[in-house]
Amino acid sequence: MYQSYAPGLDPYQAQEPESASQTHAVGQDPYQAYEHGHGPYQPHEPGYGLYQPGFSPYDDQIPDPKSRMLAIQNAKAYLLKSSTTSGLNLYDHLANMLTKILDEQPTNAVDIIENISKDVKWAQFQKKMDTLRDEHEILPTFEAAEQRKALFLKANGEGDEELEEDIGETPLPNVMETAFYFEQAGIGLSKDESYHIFLALKKLISVQPIQTCRFWGKILGLEMNYIIAEVQFHEGEEEEEAEEEDIIEEGGKGMGEVEDEDEEKEKEDKPPKSTYEPPPVIPKEENGTGANKYVYFVCNEPGKPWVKLPPVTPAQIVCARKIKKFFTGRLDAPVVSFPPFPGNEANYLRAQIARISAGTQISPIGFYQFAEEEGDEEEEGGGGRDTCEENPDFQPLSVAEMVDSLSTWVHHVQSILEQGRCVWLNPFQKSEEEEEEEKAEEPDELQQEIGPPLLTPVSEDEGIQDIPAWTAQLSTDLIPQYAVAVLQSNRWPGAYAFASGRKFDNIYFGWGHKYSPENHAPALPPPVQAEYPSGPEITETRDPTLEEELAFQAAREEALAAAEEEEDEEDVEDDEEEDDEEEDDD
Amino acid sequence: SLNGVEWSLLPPATEEVVAQAERLKGRFQGDPSFEYECPEISAEEAEMLFGDGKEPIIKEEARLVATIEQIDRAVGIIPRGAFVKTPLGSVHENRNFEGLSLTEAKKLSSYFHFTEPVNLKSKTLLEKADLDPSTDFLDSLEHDIPQGSWTVQLEKGGTVVVLRSLLWLGLTFYHVPLTKQYGHIYFGTGEKNLDLPFML
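Scoring rules and cut-offs
- Residues numbered from 1 in each chain as written.
- Chains lettered and ligands numbered in written order.
- Predicted model: local features only at pLDDT ≥ 70, side-chain atom pairs only at ≥ 80, totals over all residues.
- Heavy atoms only, no water.
- Axes fitted to C-alpha atoms, helices over the stretch in contact; angles between N-to-C directions.
- Helix = DSSP H or I, 4+ residues; strand = E, 2+ residues; numbered from the N terminus.
- Parallel < 35°, antiparallel > 145°, perpendicular 65-115°, else oblique.
- Left-handed = near helix turned anticlockwise from the far one by under 90°.
- Contact = heavy atoms within 4.5 Å.
- Phe/Tyr/Trp six-rings, centres within 6.5 Å; stacked < 30°, edge-to-face > 60°.
- Buried < 20%, exposed > 50% of the residue type's maximum accessible area, 1.4 Å probe, protein only.
- Pairing = 2+ DSSP bridges.
- Polar contact = N/O pair within 3.5 Å; in protein donor to acceptor, adjacent residues only side chain to side chain.
- Core = buried A, V, L, I, M, F, W, Y, C linked by side-chain atoms within 4.5 Å.
- Expected span 1.5 Å × (residues − 1).
- Salt bridge = Lys/Arg side-chain N within 4 Å of Asp/Glu carboxyl O.
- pLDDT = per-residue confidence, 0-100.
- Patch = residues over 30% accessible without salt bridge, like charges linked within 9 Å, V, L, I, M, F, W, Y side chains within 5 Å.
- Areas by Shrake-Rupley, 256 points an atom, 1.4 Å probe, with all protein chains shown as cover.
- Lys, Arg positive; Asp, Glu negative; His and termini not counted.
- Charge placed at Lys NZ, Arg CZ, Asp CG, Glu CD.

(A) Expanded view of the packing of helix α7 (residues 175-184) of chain A against helix α8 (residues 191-207) of chain A. Residue and element names in this part refer to chain A. α8 packs onto α7 with a crossing angle of 150° between their chain directions and a minimal axis gap of 9 Å. As the angle between them shows, α7 and α8 are arranged roughly antiparallel. Along this stretch, α7 crosses α8, giving a crossing that reads as right-handed. Contacts from Val175, Met176, Ala179 and Glu183 of α7 reach α8 at Lys191, Ser194, Tyr195, Phe198 and Leu201.

Quick look at the structure:
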């Protein structure tokens, strides 16, 4: 087995015409070790340390002279084969690697041989792309850090004096404290992120005239996520936008009237006017009431600028109930769905936020109470009261009680009716002028929709199938003195609420969709409308066939023959028959 | 385990159990011995599946195991290069895995499902030539149906890449590029998101 090895001539002669590498000095012995690949080497043979038994890929080769030579040639050819991805071949790589080892003489080379191999491969590229690579890598992290850095800078000059005054009543919520309580329940974001959000909210407050502010939660999206803040402006700050929208609407109406007049002047034969009236557009609720009680600001990441979401219209809420789409993370993305959603992603997001808030914002009973005004109850009819304020005499219940029964929690946000508003509005009552003009069809009377009144206990929430609407737990069984009562919503997975003594809060972390055990079935397109009413005057009848006409003719002649006998009665009959004929011939 | 202190061993899932559990809908109850009734199977199917004499009842622990198995099979992922296949066929953890680079980490094709490959053989020869047989022996995420059922996000200024599955909502995979750290975890209700095609 070792005969061909000792003189070293035969393998050389076999290799010379095929080899691509140049040097065949004595130092090539280690290479041969790879090519022979059979049997263990004696300790005195060079190449012993480099070649441990049992790891050879060539162990199963037949130790037969001729096939051995063939095997050696095949093996060498394989080693010289270039890799398709990198253009290197194993032969050269091993040569480089061993050269490097012999040059550098590291200790324990066998232990780090894989790293050496990798470094040799890396060295191929380093010369060309050195500086470029470094610059490219720094960028993304650097940019992100720059953005966050802006948060950490204090507001300029004026801020210092105001801080001292405002410390008492700052609208800034204590996000870290809330995060701590939620962390007890295993819910929340990392400390870093909570802190960044805290600073971002602080910036928001310094920019906008905000009265109250709360961190509403985080909604996950496909490309980016949304961080949402719920704010209430000081009174009087929001009217600018409302005015702009009214002006646009009035402009639209003016155009419509002008067009009608033009049409009436043309007294020509017009196709029949459609009697279709689109269902009346239900106006959105005023800013500051109902579904638009709070204004929401979103940003993709703390450090990015806050964007205000537009107020929500009932049509958007009604449509949002029928569709289920993921958020992409870009506010201007279109929402492609059926029924077509009136708006883009910003509107869809706002509608989902409104639904989630209406369904899951809860507080311990007694924290909020109704404002004490007697006169208002009569005016609002069946709608119920829509505002509530903090109860200064709030006595917190113990945490165990909060968890035991769901009736200790109440909703403090109005629920949204089928119509899409919190306060029901009869759309047909509004404009009396329109009713006078169009008396053709009287609108159906809508039933007034009544939703659960404000401050209903949570125990009256409907569950879904067998599942109760909320799941209540204590944060820990081991230390009941400091435990926190935590409620998870089952209808909107991701909505959580906690209460501990006088403190409570709600938060949402999730994808923004309602839970339904049944699969989502998109609405079917409506049936194709009939173009025209089909009746006997429009429907075509078949022309009578030849046999029918002949038969009819024969029948007529018989009738005439019979008519000669009886004169009076037959005259009448003839007339009738003639009339029939005329109609049929048409 | 229900409280993190006392742990009980779940029986491994068999194919039958997985098939049965797939039909169940709705949330888990939280009680491992809760029994579900199998919904809506015709008498013939019931005979085929259960043999003789057994009633179609599934315990929650069986459903739990089946769900875990399904999740692992469907969305258990690893970064490319973390595991290598030796020429003898066995799969080992790659001790030299240094992590993906930033650009690689943003691509879906650098993550593989950690299960028996299904799509590998149907690739064209051209594509196969590019594969490195020691690291590319699993299905990549690129061809998951429906397309776009994974979200890739960079968090923390680009130092952590997070993949979230949209098919099983709550499965999160994280990886810190250029290091060996990666892992996936599931927090959720244990239900497949069958509405996925409507939601994209």
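Still more to cover.
(B) Up close: the packing of aromatic side chains. All names here are of chain A. By the definition in use, this model includes 14 aromatic pairs over all chains. A ring pair is formed by phenylalanine 326 and tryptophan 511, whose centres lie 5.3 Å apart and whose planes are at 65°; its orientation type is edge-to-face. Of the two residues, phenylalanine 326 sits in the loop between α10 (314-322) and α11 (345-360) while tryptophan 511 sits in the loop between β12 (503-510) and α15 (546-565), which places them 185 residues apart along the sequence. Tryptophan 511 carries the same exposure label as phenylalanine 326, and that label is buried. Grouping aromatic residues by their ring pairs yields a cluster made of Phe180, Tyr181, Phe182 and Phe498.

(C) Looking closely at the pairing of strand β9 (residues 171-175) of chain B. Residues and elements named next belong to chain B. The side-chain alternation of β9 yields one buried face, formed by Leu171, Phe173 and His175, and one unburied face, formed by Thr172 and Tyr174. The loop that links strand β8 (residues 160-165) with its antiparallel partner β9 comprises five residues; one of these, glycine 170, has a positive phi angle of about 120°. Both β9 and strand β10 (residues 182-186) contribute to a ladder of five bridges, which runs antiparallel. Its bridge partner lying in β10, threonine 172 is registered against isoleucine 185. Taken together, β9 and the strand that follows it, β10, pair antiparallel across an intervening segment of six residues, in which leucine 178 is found at a positive phi of about 65°.

(D) Structural context of the sheet that holds strand β4 (residues 307-308) of chain A. All names here are of chain A. Spatial strand order, β4-β3-β2-β1-β12-β11-β10-β9: eight strands in an open sheet with mixed pairing. Both outer strands of the open sheet, β4 and β9 (470-474), are each paired with one neighbouring strand and no more. In this sheet, strand β2 (residues 226-233) lies alongside strand β1 (residues 210-219) in antiparallel orientation, the contact comprising eight bridges. What sits directly across from isoleucine 219, in β2, is tyrosine 226.

(E) Focus on the pairing of strand β10 (residues 485-489) of chain A. Residue and element names in this part refer to chain A. Taking burial as the measure, the five residues of β10 include four buried ones, the bulk of the element. Note that β10 and strand β11 (residues 495-500) share four bridges and pair antiparallel. Looking at the pairing, leucine 487 lines up with alanine 497 of β11. Between the antiparallel neighbours β10 and β11 lie five residues, among them glycine 494 with a positive phi of about 120°.

(F) Here's a closer look at the side chain of A:Gln316. Residue and element names in this part refer to chain A. Structurally, the position occupied by glutamine 316 is in helix α10. A polar contact is formed between the side chain of glutamine 316 and the backbone oxygen of proline 342, at a distance of 3.2 Å. Leave out the neighbours within four places in its chain, and glutamine 316 touches Pro311, Phe341, Pro342, Asn347 and Ala351.

(G) Looking closely at the nonpolar core. Residues and elements named next belong to chain A. By size, the foremost hydrophobic cluster in this structure holds 28 residues, and its most contacted members are Trp216, Ile219, Ile228 and Leu349. In contact with isoleucine 228, not counting residues within four places along its chain, are Arg214, Phe215, Trp216, Gly217, Ile219, Tyr296, Phe297, Val298 and Ile353. Core analysis: the next-biggest nonpolar cluster, separate from the first, contains 27 residues, Ile205, Ile227, Trp306 and Phe509 among them.

(H) Region of the structure containing α11(A). Here α11(A) is 16 residues long and its end C-alpha atoms lie 22 Å apart, about the 22 Å a rise of 1.5 Å per residue gives. Where burial is concerned, most of α11(A) is hidden: 16 out of the 16 residues are buried.

(I) Structural detail: the packing of helix α1 (residues 15-22) of chain B against helix α3 (residues 60-75) of chain B. Residue and element names in this part refer to chain B. Orientation of α1 relative to α3, taken along the N-to-C sense of each, is 95°, at an axis distance of 9 Å. Classed by the angle they form, the pair α1 and α3 counts as roughly perpendicular. Facing α1, whose interface residues are Glu15, Val17, Val18, Ala21 and Glu22, α3 presents Ala62, Arg63, Ala66, Glu69, Gln70 and Arg73.

(J) View of the pattern of salt bridges. All names here are of chain A. Scanning all chains against the criterion turns up seven salt bridges over all chains. Salt-bridge contacts for lysine 503 lead to glutamate 177; the nearest nitrogen and oxygen are separated by 3.2 Å. Residue lysine 503 is located in strand β12, and its partner glutamate 177 is located in helix α7; the two are separated by 326 residues in the primary sequence. Note on lysine 503: relative accessible area 36%, which makes it partly exposed. The partner of glutamate 230 in a salt bridge is arginine 214, with the nearest N and O atoms 3.1 Å apart. Note that glutamate 230 is positioned in strand β2 and arginine 214 in strand β1, a separation of 16 residues in sequence. Each member of the pair, glutamate 230 as well as arginine 214, carries the same accessibility label: buried.

(K) Up close: the confidence of the model for chain A. Residues and elements named next belong to chain A. Chain-level pLDDT for chain A is 69 on average; 57% of the residues reach the 70-or-more range. Confidence drops under pLDDT 50 across residues 155-168; counting only partners more than four residues distant or on other chains, this segment forms zero contacts. Note on residues 239-266: pLDDT under 50 across the span, and five contacts to partners over four residues away in sequence or across chains.

(L) Seen up close, the confidence of the model for chain B. All names here are of chain B. Here chain B shows a mean pLDDT of 75. Residues at 70 or above account for 75%. A low-confidence stretch, residues 41-54 stays under pLDDT 50, and its non-local contacts, those more than four residues away or across chains, total 11 contacts. Here the prediction assigns the complex a pTM of 0.65, and the interface score ipTM is 0.79.

(M) View of a negative patch on the surface. Residue and element names in this part refer to chain A. On the surface, Asp543, Glu547, Glu548 and Glu549 cluster together into a negatively charged patch. Looking at the element boundaries, glutamate 548 is found in helix α15. Judged by its relative accessible area of 48%, glutamate 548 is partly exposed.

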